[in-house]
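# Analysis of the macromolecular model
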Amino acid sequence: MTHQPQAKYRKDYTSPDFTISDLDLTFDLFDQETTVTAVSKVIKQKDNSTLTLDGEHMELAGIQIDGVEWSAYELTDTNLHIHDLPKEFELAIITKVNPSENTALEGLYKSGGAFCTQCEAEGFRRITYFLDRPDVLAKYTTTVIADKETNPYLLSNGNRVDSGDLDNGRHWVKWSDPHPKPSYLFALVAGQFDVLRDQFTTMSGRKVDLEIFVDQGNLDRAPHAMASLINAMKWDEERFGLEYDLDIYMIVAVDFFNMGAMENKGLNVFNSKYVLANDQTATDTDYLGIEAVIGHEYFHNWTGNRITCRDWFQLSLKEGLTVFRDQEFSSDLGSRAVNRINNVRIIRGPQFAEDASPMSHPIRPETVIEMNNFYTLTVYEKGSEVIRMIHTLLGEENFQKGMKLYVERHDGTAATCDDFVAAMEDASGVDLQQFRLWYSQSGTPQVKATTNYDQQNRTFTLQLTQATAATQDQPEKQALHIPMNVELYAQDGSIIPMVINDKPAGNILNFTQDEQSFVFENVSEKPVISLLREFSAPIKLHYDYSDEDLMFLMVKAQNEFACWDAGQNLIAKYLRQNIAAFQTDKELSLPQSVLDAFKGILLSETLEPAFISEMLTLPSQNEVAGWFKPVDVDAIAEALGFMKRAIAAELVEELTAMYHNLKQDQYSVEHDCIGKRSLRNTCLAYLAVTDEGEKLVTAQYQSANNMTDTMAAMSSANQAQLACRESLMKDFSDKWSHDGLVMDKWFMLQGTNPANNALEMIKQTMSHTAFSLKNPNRTRSLVGAFFGQNPVNFHKIDGSGYQFASEILIQLNESNPQVASRMIDPLLKYRQYDETRQVLIRTELEKLSKLENLAKDLYEKINKALEA
Ligand code: TRP
Ligand code: ZN
């Protein structure tokens with residue numbers, strides 16, 4: 001490390017000294033040396049004659065001011081300072097970049113044969129020297145020049161306004177984007193593609209051309225993405241009244257991409273994982289993921305692009321809100337309960353873990369070294385929960401009024417989280433003063449509930465306390481405004497109306513103090529309380545439920561999420577007991593009543609298969625790990641394995657019958673077909689650990705006519721370590737080794753292999769022809785899965801997992817720091833483990849911290865982890 005990376009603070013925000021109203025870009029594209037000419041119209045805003053531009057990893061080849069060569073400038077590693085500037089001027093800058101050597105995949109790079117860009121958050125500064133900050137909004141025109149044969153398509157933001165041929169086999173296309181935008185939304189793509197075209201007529205009757213660009217030969221994998229895009233456009237009009245604003249909407253699928261997708265204005269660039277699907281290559285989960293991500297990027301057009309962020313500390317303004325919108329989209333199109341369950345799993349698992357880690361931060365961070373490190377579960381998923389709480393407090397109608405006011409006030413500008421909350425407050429009249437703390441306070445609130453029934457007075461009292469433990473970033477915590485969604489049930493399953501102070505209370509209680517009591521009146525029998533319905537706040541709730549109450553709620557709660565949550569609580573109770581039993585050499589056990597409760601769910605004639613499948617799914621090893629400190633990975637694995645075998649043994653007949661009943665001859669991605677496959681494959685995962693496992697899994701693999709069933713068979717074989725695992729894996733790899741995206745599924749199974757020699761096999765797998773550490777998808781599937789989803793092997797007490805992690809991170813630190821930084825997370829949480837493991841992990845982190853060329857991405861995280 002040559003010099004220490006500098007932290008930035010939210011409180012230090014100042015508006016820019018200069019603004020840029022127009023930017024005219026010309027790209028002369030060549031693999032090794034692309035020339036970028038950037039002509040800006042610059043306007044001085046403050047009394048300062050020096051303009052400081054951001055720029056790195058490129059060569060400066062010329063500066064002119066108003067057509068005159070300029071020599072009054074200084075250049076550093078990260079900035080260009082231009083002196084002696086007038087009030088308004090035209091700035092022309094020529095830079096040269098090398099796309100083919102750009103392995104970081106930020107700025108302009110090559111993905112396979114195509115040129116593409118990634119500018120969020122701070123990638124534009126690798127293309128030209130610029131005011132690379134989201135509050136500088138300019139109108140862009142972009143001319144792209146390239147070889148015509150290898151790059152027949154030349155794309156950028158906005159509308160195509162002109163084009164022509166040059167005499168040296170090259171051609172050009174000029175684009176103009178009428179909507180002022182920050183530099184992070186700029187995009188350019190050039191290459192050879194197959195294109196799927198369609199059209200959408202907006203609610204006001206305008207026709208929009210839709211184009212999806214995929215690698216040649218992949219056209220048959222694009223229709224689902226197109227259908228999802230059309231559904232998203234329609235849904236945003238119907239639910240939010242928001243209409244698309246250009247004549248063309250383009251999506252390009254690329255194989256080399258650091259994240260999921262990017263909402264560049266009019267030209268989204270997608271990780272091909274979130275575009276390409278057909279029934280032979282994609283699972284149901286892939287299909288649903290594509291729908292969600294296509295929706296997410298489309299919804300950014302209003303929440304992100306038309307209204308953008310003033311500074312990067314406000315990232316959740318666009319991301320939390322857009323995640324909320326994509327979750328609602330998926331819930332309106334599919335199963336609301338299943339979507340909610342899966343989103344809650346993410347919060348209770350990895351997001352709570354992030355909150356408890358050295359990287360703990362509020363959804364609106366206060367300090368940042370590397371912005372790429374803050375595209376987190378906290379900013380995105382907890383950010384969405386915060387929006388959801390506002391929705392819960394206001395109701396749909398007022399929430400939509402708030403959205404309308406927010407758009408009216410801030411369209412075409414760069415706004416803050418406070419602006420959003422103020423619009424919600426002003427439109428609804430609901431006081432959100434205390435609620436704003438959710439934006440500034442990090443960590444997970446712990447809420448304890450106790451109840452008391454007073455038969456004589458016919459009152460039922462709910463007593464709540466809240467406390468948030470200190471986090472590394474923030475020692476002092478305050479009481480939050482927590483919307484508590486509750487319901488009371490009588491023994492016959494009917495709802496007891498909630499009356500407080502003689503008035504109907506509604507389901508949402510405003511829990512705002514450290515300690516607070518709610519007294520329900522007119523309660524004629526001791527009720528069963530359903531707490532935190534719909535997971536109405538991202539908190540950890542502790543309430544001493546009896547088994548009877550949980551079994552009651554599993555069946556009687558008039559809300560599917562509450563049924564599921566009761567089931568999870570019941571499972572959690574016995575998981576804890578069995579973990580303790582394992583640790584003290586006692587016998588593991590599960591009462592007959594619990595087994596019967598799950599049998600009842602499996603045999604239910606009223607519940608949807610998709611929902612039954614969720615009810616029967618045990619929590620992940622990682623989620624359970626979050627309940628303990630120190631974490632005992634082996635005990636957790638044993639207890640989970642025991643529970644699975646116990647349920648499978650008890651329900652083997654019912655599971656087998658269900659498994660055969662649910663067989664479908666034809667593959668369809670209709671939601672109820674997905675639901676049936678989901679339940680059938682959950683049955684298979686249980687049956688895999690019974691005597692019939694080998695036979696059923698092999699038969700399913702051989703007869704599967706779709707990737708969902710193929711993968712379910714392989715995954716069951718992998719998890720249950722069946723003898724057939726090796727032959728299935730070999731067959732699959734023989735069939736698919738030419739297709740990296742499909743092989744990712746196979747790499748993931750190798751990465752999560754529970755076998756004792758998994759690490760050895762993973763190392764061998766790294767020389768598979770389809771594997772490359774240069775490709776983020778491959779890396780995450782094999783190596784990332786090992787770090788994050790193979791706890792027993794990763795945390796092996798001999799330290800081999802940790803050593804392997806640092807070997808890989810040393811390589812990625814050089815080639816792609818952003819990917820390295822996302823993969824290091826499991827190591828940061830070393831304090832959750834026992835002494836021996838803590839020392840082993842610390843040793844690796846210290847080794848990494850001493851790397852000479854440590855990127856700021858890893859520097860920021862490792863430093864926080866070591867300083868704790
Ligand atoms: N804005 C993108 C999204 O929400 C996130 C993203 C895509 C991103 N690619 C990135 C963020 C690269 C940082 C760096 O979908
Ligand atoms: Zn987003």
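Predicted model only: the values in this text are computed from it and were never measured. (Residues numbered from 1 in each chain as written. Chains lettered and ligands numbered in written order. Predicted model: local features only at pLDDT ≥ 70, side-chain atom pairs only at ≥ 80, totals over all residues. Heavy atoms only, no water.)

The next thing to look at is the coordination of the zinc ion (ligand 2). In the first shell of the zinc ion (ligand 2), the protein supplies H296 (NE2), H300 (NE2), E319 (OE) and E319 (OE), at 1.9 to 2.8 Å from the metal. You can call H296 buried: its relative accessible area is 7%. Exposure remark for H300: the relative accessible area of 0% places this residue in the buried category. (Donors = N, O, S within 2.8 Å, 3.2 Å for Na, K, Ca; no water. Buried < 20%, exposed > 50% of the residue type's maximum accessible area, 1.4 Å probe, protein only.)

Now for the sheet that holds strand 34 (residues 528-530). Strand order in this open sheet of 3 strands is 29-28-34, and the pairing throughout is antiparallel. Both outer strands of the open sheet, strand 29 (495-496) and strand 34, are each paired with one neighbouring strand and no more. (Pairing = 2+ DSSP bridges. Helix = DSSP H or I, 4+ residues; strand = E, 2+ residues; numbered from the N terminus.)

A separate point is the UniProt feature "domain: Peptidase M1 alanyl aminopeptidase Ig-like fold" (unreviewed entry) in the protein chain. Under the UniProt annotation, the feature "domain: Peptidase M1 alanyl aminopeptidase Ig-like fold" (unreviewed entry) is placed at residues 443-544. Here residues 443-544 is 0% helix and 49% strand, with 23 Å between the C-alpha atoms at its ends. (UniProt positions renumbered as here; feature names shortened; annotations may be inferred.)

On the UniProt side, "domain: Peptidase M1 membrane alanine aminopeptidase" (unreviewed entry) is annotated at positions that read residues 225-435 here. For residues 225-435, helix accounts for 55% and strand for 9%, while the C-alpha atoms at its two ends are 37 Å apart.

Compared with the 16 Å implied by 1.5 Å per residue over 12 residues, the 17 Å span of helix 6 (residues 417-428) between its first and last C-alpha is a close match. Within helix 6, burial applies to C417, F420, V421, A423, M424, E425 and S428. For helix 6, the secondary structure elements touched by its buried residues are helix 3 (315-333), helix 5 (377-410) and helix 7 (437-440). Immediately beyond the C-terminal end of helix 6, within one or two residues, lies G429, with a positive phi of roughly 75°. (Expected span 1.5 Å × (residues − 1). Contact = heavy atoms within 4.5 Å.)

Let's shift gears to the pattern of salt bridges. A pair can form between side chains of opposite charge whenever their charged atoms are brought close. Evaluated as defined, the whole model comprises 55 salt bridges. One salt bridge connects R206 with E243, and the closest N-O pair in it is separated by 3.9 Å. You can see R206 sitting in the loop between strand 17 (194-201) and strand 18 (207-214) and its partner E243 sitting in the loop between helix 1 (223-240) and strand 19 (248-254), a full 37 residues away along the chain. Its salt-bridge partner being D245, residue K265 comes within 2.8 Å of it at the nearest N-O pair. With K265 in the loop between strand 20 (261-262) and strand 21 (267-271) and D245 in the loop between helix 1 and strand 19, this residue pair connects regions lying 20 residues apart in the sequence. Residue K265 is classed as buried on the basis of its relative accessible area of 2%. D245 gets classed as buried once you look at its relative accessible area, which sits at 14%. What you see here is one network of salt bridges that share partners, running through R239, E328, D332, R336, R388 and E396. (Salt bridge = Lys/Arg side-chain N within 4 Å of Asp/Glu carboxyl O.)

Another aspect to go through is the sheet that holds strand 2 (residues 18-28). Within a sheet, each strand pairs with its neighbour through backbone hydrogen bonds, oriented either parallel or antiparallel. Read from one edge of the open sheet, 8 strands run 6-5-9-3-2-12-15-14, paired in mixed fashion. Across the chains shown, the open sheet's two edge strands, defined by having one partner strand only, are strand 6 (68-69) and strand 14 (159-165). With 10 bridges connecting them, strand 2 and strand 3 (residues 34-44) associate as antiparallel partners. Note that in strand 3 the partner of F27 across the bridge is V36.

For the rest of this paragraph, the subject is the environment of F520. Residue position: F520 is located in strand 33 (residues 515-520). Spatially, the C-alpha atoms of F520 and L219 are 60 Å apart, while their sequence positions differ by 301 residues. Ignoring any residue separated from it by four or fewer positions in sequence, one finds F520 in contact with R458, T459, F460, L462, V486, L488, M498, V499, I500 and L509.

Maximal helix bending in helix 4 (residues 336-355) amounts to about 30°, located at I347; proline P350 follows within four positions. Among the 20 residues of helix 4, 14 are classified as buried, and the element is accordingly described as predominantly covered. (Bend = angle between axes of the 7 residues up to and from the residue.)

What follows deals with the site of ligand 1. Contacts to ligand 1 come from 16 residues, most closely from E120, A261, E263, E297 and Y380. In the environment of ligand 1, an oxygen atom lies 3.2 Å from a nitrogen or oxygen atom belonging to the side chain of H296. Contacts to ligand 1 include H300, whose side-chain N or O atom sits 3.4 Å from an oxygen atom. Burial of ligand 1 by the protein chains amounts to 97% of its free accessible area of 370 Å². Every element with two or more residues in the shell around ligand 1 is listed here: strand 20, helix 2 (284-299) and helix 3. Class assignment for the residues of the shell around ligand 1 results in 6 nonpolar, 5 polar and 5 charged. (Near = heavy atom within 4 Å. Polar contact = N/O pair within 3.5 Å; in protein donor to acceptor, adjacent residues only side chain to side chain. Areas by Shrake-Rupley, 256 points an atom, 1.4 Å probe, with all protein chains shown as cover. Nonpolar A, V, L, I, M, F, W, Y, C, P; charged D, E, K, R; others polar.)

Let us look at the nonpolar core. One recurring pattern in soluble globular proteins is that nonpolar side chains are buried together. Among the nonpolar cores identified, the biggest contains 280 residues, and L91, F420, L462, M484, F520 and F732 are the most heavily contacted of them. Here this core takes 14 residues from helix 13 (residues 633-661), the largest share from any one element. Residues in contact with F420, not counting those within four places in the same chain, are L317, L321, I387, I390, M403, Y406 and Y439. (Core = buried A, V, L, I, M, F, W, Y, C linked by side-chain atoms within 4.5 Å.)

In a packed pair of helices, the relevant descriptors are the angle between the two axes and the axis-to-axis distance. Contact geometry of helix 5 with helix 6 gives a least axis separation of 7 Å together with a crossing angle of 105°. On the basis of the axis angle, helix 5 is roughly perpendicular to helix 6. Note on element contacts: helix 6 touches helix 5 through D419, F420, A422, A423, M424, D426, A427 and S428, opposite I387, I390, L394, N398, F399, K401, G402, M403, L405, Y406, R409 and H410. (Axes fitted to C-alpha atoms, helices over the stretch in contact; angles between N-to-C directions. Parallel < 35°, antiparallel > 145°, perpendicular 65-115°, else oblique.)

Among the secondary structure elements, H481 is positioned in the loop between strand 26 (459-468) and strand 27 (482-485). Engagement of the side chain of H481 in a polar contact is seen with the side chain of N510, the distance being 2.7 Å. Contacts of H481, omitting those with residues within four sequence positions, involve L393, D431, Q434, F435, W438, N510, F511 and T512.

By the secondary structure assignment, A704 is in the loop between helix 15 (693-703) and helix 16 (707-719). In this structure the C-alpha to C-alpha distance between A704 and T128, which are 576 residues apart in sequence, comes to 51 Å.

Together, E560, E608, E670 and D672 line one region of the surface with negative charge. Take E560: it is sitting in helix 9 (residues 560-583). (Patch = residues over 30% accessible without salt bridge, like charges linked within 9 Å, V, L, I, M, F, W, Y side chains within 5 Å. Lys, Arg positive; Asp, Glu negative; His and termini not counted. Charge placed at Lys NZ, Arg CZ, Asp CG, Glu CD.)

What follows deals with the packing of aromatic side chains. One pass over the structure, following the stated rule, counts 33 aromatic pairs. With centroids separated by 6.0 Å and ring planes inclined at 25°, the aromatic side chains of Y140 and F186 adopt a geometry described as stacked. One end of the pair, Y140, is in strand 12 (residues 138-147); the other, F186, is in the loop between strand 15 (170-181) and strand 16 (188-191), with 46 residues separating them in the sequence. Side by side, Y140 and F186 carry an identical accessibility label, which is buried. (Phe/Tyr/Trp six-rings, centres within 6.5 Å; stacked < 30°, edge-to-face > 60°.)

Quick look at the pairing of strand 26 now. The two faces of a sheet get side chains in turn, since along a regular strand they alternate between them. Sheet topology places strand 25 (residues 445-454) next to strand 26; 10 bridges connect them, and they run antiparallel. Looking across to strand 26, one finds that K448 is bridged to T465. What sits between strand 25 and strand 26 in their antiparallel hairpin is a turn of 4 residues, with R458 showing a positive phi close to 50°. Bridge count between strand 26 and strand 33: 6 bridges; the pairing is antiparallel. The residue bridging Q463 from the neighbouring strand is S517, located in strand 33.

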